[in-house]
Structures are given as C-alpha cells and as structure tokens.
Amino acid sequence: MRGERERLSPAAAPRDFAEIRRSEFPWTSDTTYLNNASIGPLPERTRLVLEEFNRKRAAPYQLPDREIFAGMAESRRLAAELIGASPEEIGLTINTGFGLSLAARALPLEAGDIVLTSEREFPANVYPWMMLKDSGIILELTPTTAEGWPDEDRLLERLRDPRVRVLAISLVQFSNGYTIDLGRLSTATREAGVYLVVDAIQAVGQVPIDLRNTPVDVLACGGQKWLLSPWGSGFVYVRRDLIRDLRPAVTGWMAFEGTDDFTRLTQYDDRLRGDARRFELITLPYQDFAGMNASVRMLLDAGIASIAEHLQALHVPVLEWAARCGVRVVSPVDHHGCGILCVMPDDVGGAFRALKAARVVCGMREGAIRLSPHFFNTVAEMERTVDILEHA
Ligand SMILES: Cc1ncc(COP(=O)(O)O)c(C=O)c1O
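Residues numbered from 1 in each chain as written. Predicted model: local features only at pLDDT ≥ 70, side-chain atom pairs only at ≥ 80, totals over all residues. Heavy atoms only, no water.

Chemist: How should I be thinking about the site of the ligand in this particular structure?
Modeler: What surrounds the ligand is the set N95, T96, G97, F122, A124, S170, F174, D199, I201, Q202, Q224 and K225. In this structure, T96 approaches the ligand through a side-chain N or O atom, which is 2.7 Å from an oxygen atom. Contact between the ligand and Q224: an oxygen atom at 3.0 Å from a side-chain N or O atom of the residue. The fraction of the free accessible surface of the ligand (400 Å²) that becomes covered by protein chains is 84%. Partitioned by chemical class, the residues of the shell around the ligand number 4 nonpolar, 6 polar and 2 charged. (Near = heavy atom within 4 Å. Polar contact = N/O pair within 3.5 Å; in protein donor to acceptor, adjacent residues only side chain to side chain. Areas by Shrake-Rupley, 256 points an atom, 1.4 Å probe, with all protein chains shown as cover. Nonpolar A, V, L, I, M, F, W, Y, C, P; charged D, E, K, R; others polar.)

Chemist: What should I look at first to understand the sheet that holds strand β9 (residues 328-329) in this one?
Modeler: Neighbouring strands of a sheet are bound in pairs by backbone hydrogen bonds; such pairs are parallel or else antiparallel. Taken in spatial order, the 4 strands of this open sheet run β9-β10-β13-β12, and their pairing is antiparallel. On the outer flanks of this sheet lie β9 and β12 (363-365), each paired with one strand and no other. Packing against the sheet, helix α11 (residues 304-325) makes contact with β9, β10 (341-344) and β13 (368-371), and its axis sits at approximately 20° to β10. Helix-sheet contacts for helix α12 (residues 348-357) involve β10, β12 and β13, and the interaxial angle to β13 is about 35°. (Pairing = 2+ DSSP bridges. Helix = DSSP H or I, 4+ residues; strand = E, 2+ residues; numbered from the N terminus. Contact = heavy atoms within 4.5 Å. Axes fitted to C-alpha atoms, helices over the stretch in contact; angles between N-to-C directions.)

Chemist: Quick question: what am I supposed to make of the sheet that holds strand β5 (residues 164-170) here?
Modeler: Read across the sheet, 7 strands follow the order β2-β8-β7-β6-β5-β3-β4 without closing on themselves; strand pairing throughout is mixed. In the strand order of this sheet, the two ends are held by β2 (90-93) and β4 (138-142), each with one partner. The mean angle between the axes of side-by-side strands here comes to 20°, regardless of whether they run parallel or antiparallel. The pairing of β2 with strand β8 (residues 234-238) spans 4 bridges and is antiparallel. Looking at the pairing, I90 lines up with Y237 of β8. Against the sheet, helix α5 (residues 96-106) touches β2, β6 (195-199), β7 (218-222) and β8, its axis set at about 160° to β7.

Chemist: Hey, could you run me through the packing of α11 against helix α13 (residues 379-391) in this one?
Modeler: What describes two packed helices is the angle between their axes and the distance between those same axes. One can describe the packing of α11 onto α13 by two numbers: an axis separation of 7 Å at closest approach and a directional angle of 20°. Classed by the angle they form, the pair α11 and α13 counts as roughly parallel. Of the two elements, α11 crosses α13, and the hand of that crossing is right-handed. In this structure, α11 uses A313, L314, P317, V318, W321, R324 and C325 to contact α13, whose residues at the interface are V379, M382, E383, V386, L389 and E390. (Parallel < 35°, antiparallel > 145°, perpendicular 65-115°, else oblique. Left-handed = near helix turned anticlockwise from the far one by under 90°.)

Take a look at the structure:
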C-alpha cells in the first residue's frame, strides 16, 4: 500500500494537497503558517475525532475497553508504517523525551562509558544523558561543523574509541534542518557495536524513513509537530532484538503478560511483555492517540515522499531570494536538507517582526528565522513571505 502511494505522480500531489488544504486547514485562507517544526496544526478531521471521542468520554460507558485498545493497536501499526518497522517494535508514549529517557535509563551502560552526541542538539536529547553523570557515564558533545551542523566525519571517527557505547542524535536538527545521513551512521554504529538512538520528532511525517534499510536501536518521536497530532501522542521504536534486553525504568501496570485480562489483575505475573508494549506507561491519553490515528492516516495517504518533494518546491522562492540578496541560508540545501529552511537576513529581528505583522507565522531559533512549511502550504504563500522579507 505504501509503495502504491509513493508512486503518485509529482504532478498529482500538489493538486491533492490543495484540496486537503481547503478542507482540513480552512484558517490558512488568512494566515500563512510556516511553524510546523514548532507545533503542527490539527487537521479538521482530527479535531472532529477528538470531539467525538470526548463526547463519548463524557459518558464513558460509550467507550468500551475493546474500542480503546483497538485504537491503540492501530496507533502502533500506523507509527510502524511511518518508519518501516513492525507494530511489535512500537511502544506508545506521551512525547519524545519519554523514549529518549527510556534509552538513557534502559541501555546497559556502565561507569566510564561515553554517550556521543553533537553540540547544538535539542535539549530533549541531552538532559536524559547528562543525568547519567551520577553513574559515571560521560556525555560527549562533539563540536559541529563551521556551519553549525553535526559533524558526521568527526562522530564516525569517535566511534573508534571503545568507550563510546551510544550515539544519540536527531535525525533532523531543530535549529537548521540538517538531516543526518542515517544510512551512514547506521552502518558505522552496527560495525562499531555502538547503540544508535535517534530523536526523530523533526523528521517523521516530512522525511521518508525506512528502518529496514537503515537500522537503529531506539527511535523516539512525539506527534505534535510534523505528524499534526495532539499533544500527548507519540511513540518509541525499539529494535526487535533489543526489546527483551531492556527493562523499562518506569513501569506501567500493563507492561506485563496477562494484564489484558481484567478479571485476574491481581494474579500478578512478573514477566514483562515480549514486545515494545513493555515500555508503555498505561494509562495513556487515549483521545490523543485517536487523534493521531486520523492525522497519520492522512499523511500516509498523501505519501511521505510526495510531501518531501512538495516541501523542496516550496523552498525555491526563498532560496532564489536569498541568492539574489546575499542572505545567509543556515540550512543545508543538498541531500542533508529537509522541509526546515532557516535564513539569517541582516536585520533578523526586524524581518521576524514584519512577518508576524503580516500574519506569517514562523519561528526564531539560534538567531535565524526558521521557516517550516508542511504539505498544506503553497508556493504562493512562500512568494508572499519572500515579498515581506525583501521589504523588511
Ligand atoms: C529535536 C527535538 N526533540 C524533541 C523535541 C520535543 O520533545 P518532547 O516531545 O519531549 O516535548 C523537540 C521540539 O520541541 C525537538 O525539536
């Protein structure tokens, strides 16, 4: 099914997206929203699912357990489809940080071990590792390249140090959109016997991912950005062969075998589940996962490869303006680029204020303007944005 979606002709994709824009994001008629790297908007269909779920929730006898758990199974299935994994490898979580903390607490690390990451990583992928200092585990922040991007060559070189046990890195950097060469890091960490932990929240939904070709050990993702899903929805992927070796640091009561049968809950059985549900901290915000299912289905129907292609087309007017006016582009524009495009005009603050005044919503990160359009944005909106920037 996925293959079929991705065969959508490039010409067909924008037309479909225009229709989705009208029906799912009607407010885009008066606001240009280029801030998906911060918060992805909820599509109308998702808002309605939440409303319907909460309507039933108000009188909970209308929400049988079997319906809730079928919805959660569907969330695992959809998350797995997004990244080329199997549902058994997915545990549902409330955010990215939960999955990264799980990796930090559950991977078998000892005093003297080194966890490698890059300078300028988002803090969700820094603090859980920093907390291991008390156990003698060292977090090493590898200097970035001159452009401020993760230095892959340097990271790979450091893998030769036998003390390095984990490489923890964002698939897409939050402040410049640099997308790591996952294949390269995957191969190198496999060869070195180093765990690869990926913060994927800035990637999943806009960057095609297939873990069958680029294996990682743990991948964490929240739903609130590129997945256009409610706060409180997210997932962690744990590689199949690793699941049984990892014991959850915080333990939910449904992480154990036999807990599906609510008639014998006090016949305790201390065997953790064999799949990634052992990492779930039930009870979870079920309404948010119902919403996530609607959003993710929509994205998969659109096709992640088509979305990525559309985002590249959206960047063109901005890149042309930057070249014409000598404006610094902070993001990579080769195969390390993605939907996030950061620019640094001379008067960044003034440009940002001008965009805001013209109802163009974007972000300011690390001194640059961060434009993060999604598939519902149009080239016309990007041209308008350029117009404002040019006159700011
Ligand atoms: C790279 C990255 N990781 C994590 C997060 C958020 O983490 P969480 O989902 O735990 O709030 C963000 C943005 O807020 C981010 O840009």
